[in-house]
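Observations on the three-dimensional arrangement
What follows is the residue order along each chain.
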Amino acid sequence: MSFRIHTSGAPKAAIDEVVPGLVGDLIASRITNADPTVWGDAAEAEASRRLGWVDAVSVSRPLVPEILALRDELRAQGVTRVVLAGMGGSSLAPEVIAQTAGIDVTILDSTAPGQVLAAIDAGLADTVLVVSSKSGSTVETDSQRRTFEAAFRDVGIDPVTRIVVVTDPGSPLDESARAAGYRVFNADPNVGGRYSALTAFGLVPSGLAGVDISELLDEAEASLLEVAIDSAENPALRLGAAIAATRQSFDGPRRDKLGLITDGTHIVGLPDWIEQLIAESTGKSGTGILPVVLLPVSPEVEDVPADLQLVRLVDDAEEFHLRERHPGEILVSGTLGAQFLVWEYATAIAGHLLGIDPFDQPDVESAKVATRGLLDARPEAAPAAFVQDGVEVRASDPELVASGSIAGVLDALWARLPEDGYVAIQAYVNRLEMPQLQGLRELVAADSGRPTTFGWGPRFLHSTGQYHKGGPAQGVFLQITERDDVDLEIPGRPFTFGQLIEAQAAGDAGVLADHGRPVVTLTITEPQDDVLELFEAAQ
């Protein structure tokens, strides 16, 4: 068996209660047969054009020799470095695939000017840029493409020989790229971005970098029968029931938060991919499942909140259970290809159980609209409520900043947390310069006493951003932004990367505030030896 799931306690009770009904309703085989009625009348139109992922393995097979031929052609020219410009599922899946294979791919899913410059300054002589955009109009990838085109030309390289495009057929990018002579790989238009791991979006950059993508498809294919049959042993039915239906007690509220822990497995970074899949698929209509990426020693693991269900990704679920025994946790193991496939099925099944459409993202567009409005109007930033240690402090509600200190502001923000609430940290910074900022998640989780998520902006806007606005009104939001002397023009655009990321942060904060979500924004204006010291001192 290429995928294993082991449960005990409340998750096992949920499976025992729910799976027989799923089997009786033929949910697994109906999804496999691309039946759009599984999610109800309201979702039928969207589902009818979003179920291509169930056939991704067979549809993607013919791409493999094309990708490998291009890889060999590029290597013959000395081109061995792959940079991927993509957002959301278009970048997260290749990131997991490459990291797990131990192969370098530069993931460019940021608009921080310093991060874009670093991808260019690392060298262009041996570089191919893969531009991945399903819609063909993603502002981040369009901006990155324009900048790399100019950079290639500046060093005497024809961009047509160094840029590869992955997009839906007929998209604006498809048409413009083909007209310019770029090599284009079309993805299945009937697959949404977050379900695209086993399509051209996952395979092209990974294959060009040297990953054995045939093996990845083989791994997924080995699980196809398991997830397709209407059986109580179907791992996708069991996992979907466990993540969507587990309750705090026999008749208590649902555990609507999912703690994802990597513990002794060879697969690297999978929780980040699962996070965007589940959050964007389920976080809408005031409900959803909030994934929380954790460490084995995170505060939420040491003292598990009642509304958090832990999932531990391990090498062998059965053996791990016998050796370690983690009662009440969901243990899963499997090859990477199997993990992709089973989690996609399980998320779709969770959508069925929650009564929502797992294929739309109705609230993602709101942040994009707000960003475009700010780029057009270019308003002056609101003055800071106060400045402490080189950090400007702003908030959606004046009461949050009334204390005049960062410590007081954070206390005021945590005080807005409902009993079942969560904290979302959003870091709109150059993460190459401040990777340690991710450690803030552990500090905040301990200080607030509630599950805490961490997202690099603007990447998270294409994943958990949907949950923040469309999910339950439980969150409080801590934005971290930076004021940097480094900026970068975007050829053919009236704004720079610095202005773009600033507008994305401000636009999202505005939309969250409009939804009644409390937001605090801390802007770092001076270089910090260790930015975490600021927050440690504030606790």
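The following refers to the structure shown. (Residues numbered from 1 in each chain as written. Predicted model: local features only at pLDDT ≥ 70, side-chain atom pairs only at ≥ 80, totals over all residues. Heavy atoms only, no water.)

With respect to the helices and strands, glutamine 388 occurs in strand 11 (residues 386–388). Using a relative accessible area of 25% as the deciding quantity, one classes glutamine 388 as partly exposed. In contact with glutamine 388, other than residues within four places in its own chain, are Gly404, Ser405 and Ile406. Only 2.9 Å separates the side chain of glutamine 388 from the backbone nitrogen of isoleucine 406, close enough to count as a polar contact. (Helix = DSSP H or I, 4+ residues; strand = E, 2+ residues; numbered from the N terminus. Buried < 20%, exposed > 50% of the residue type's maximum accessible area, 1.4 Å probe, protein only. Contact = heavy atoms within 4.5 Å. Polar contact = N/O pair within 3.5 Å; in protein donor to acceptor, adjacent residues only side chain to side chain.)

This brings us to the sheet that holds strand 3 (residues 106–108). In spatial order, the strands read 3-2-4-5-6; together these five strands make up an open sheet with parallel pairing. The outermost strands of the open sheet, each flanked by one partner alone, are strand 3 and strand 6 (183–186). For this sheet, the mean angle separating the axes of adjacent strands, direction not counted, is 20°. Across the face of the sheet, helix 8 (residues 139–154) comes into contact with strand 2 (81–85), strand 3, strand 4 (127–133) and strand 5 (163–167) while running at roughly 155° to strand 4. Sitting on the sheet, helix 10 (residues 200–209) touches strand 2, strand 4, strand 5 and strand 6, and the angle it makes with strand 5 is about 160°. (Pairing = 2+ DSSP bridges. Axes fitted to C-alpha atoms, helices over the stretch in contact; angles between N-to-C directions.)

With that out of the way, let us pick up the pattern of salt bridges. Should their charged atoms come close, side chains of opposite charge can pair. Tallying each qualifying case throughout the model produces 33 salt bridges. In this structure, aspartate 72 and arginine 71 form a salt bridge, with 3.4 Å as the shortest nitrogen-oxygen distance. Assessed through its relative accessible area of 16%, arginine 71 is described here as buried. Residue aspartate 142 pairs with arginine 146 through a salt bridge whose shortest N-O separation is 2.8 Å. Separated by four residues within a single helix, aspartate 142 and arginine 146 lie in helix 8, roughly one turn from each other. Accessibility expressed as a relative area gives 16% for aspartate 142, which makes it buried. Here the residues in one salt-bridge network are Asp142, Arg145, Arg146, Glu149 and Arg493, joined through shared partners. (Salt bridge = Lys/Arg side-chain N within 4 Å of Asp/Glu carboxyl O.)

So, on to the nonpolar core. If you look at the biggest cluster of nonpolar residues, it comprises 91 residues, and the most contacted ones within it are Ile31, Trp53, Leu239, Trp273, Phe340 and Trp343. No other element matches the 12 residues that helix 17 (residues 336–354) contributes to this core. Leaving out residues up to four positions away in the same chain, tryptophan 53 has contacts with Ile31, Asn190, Val191, Tyr195, Glu344, Tyr345, Ala348 and Phe359. Formed by 30 residues, the second largest nonpolar core is a distinct cluster that contains Leu410, Leu417, Val429 and Trp456. (Core = buried A, V, L, I, M, F, W, Y, C linked by side-chain atoms within 4.5 Å.)

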